[in-house]
Amino acid sequence: MSDQNDQQTFRPLEELSYEAARDELIEVVKILELGQMSLDESLHYWERGETLAAYCERYLDGASQRVEDALAKRAVTPSE
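As recorded in an unreviewed UniProt entry, the chain goes by the name Exodeoxyribonuclease 7 small subunit, listed as coming from Corynebacterium variabile. A UniProt comment under Sequence similarities (unreviewed entry) is attached to the chain, and it reads "Belongs to the XseB family."

Asker: Explain the pattern of salt bridges to me, and be specific about the residues and the numbers.
Answerer: Scanning the entire structure with this criterion turns up 4 salt bridges. The partner of arginine 11 in a salt bridge is glutamate 15, with the nearest N and O atoms 3.6 Å apart. Across the salt bridge formed by glutamate 24 and arginine 48, the nearest N and O atoms sit 2.7 Å from each other. Pair noted here: glutamate 24 is in helix 1 (residues 18–34) and arginine 48 is in helix 2 (residues 39–76), with a separation of 24 residues, a long-range link. Among the residues examined, glutamate 24 registers a relative accessible area of 17% and is labelled buried.

The rules behind each value
Residues numbered from 1 in each chain as written. Predicted model: local features only at pLDDT ≥ 70, side-chain atom pairs only at ≥ 80, totals over all residues. Heavy atoms only, no water. UniProt positions renumbered as here; feature names shortened; annotations may be inferred. Salt bridge = Lys/Arg side-chain N within 4 Å of Asp/Glu carboxyl O. Helix = DSSP H or I, 4+ residues; strand = E, 2+ residues; numbered from the N terminus. Buried < 20%, exposed > 50% of the residue type's maximum accessible area, 1.4 Å probe, protein only.

What follows is the structure in structure tokens.
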């Protein structure tokens, strides 16, 4: 079994914009599709992919909520 220090280290999610997280997720999927690494490495990348996907989903949910809030505010505000 390989040492944990030999595995790819990833940037913390807090440092990633939505676009950076999405791009990294795309790269993780490409790497996994190649299927040229050990099971441990594959699991490491799969876990990262799951984390990135959840982060992107939360980000989009937040953006969607902001749009809904803005539209609701506009609907309540009387026209000039």
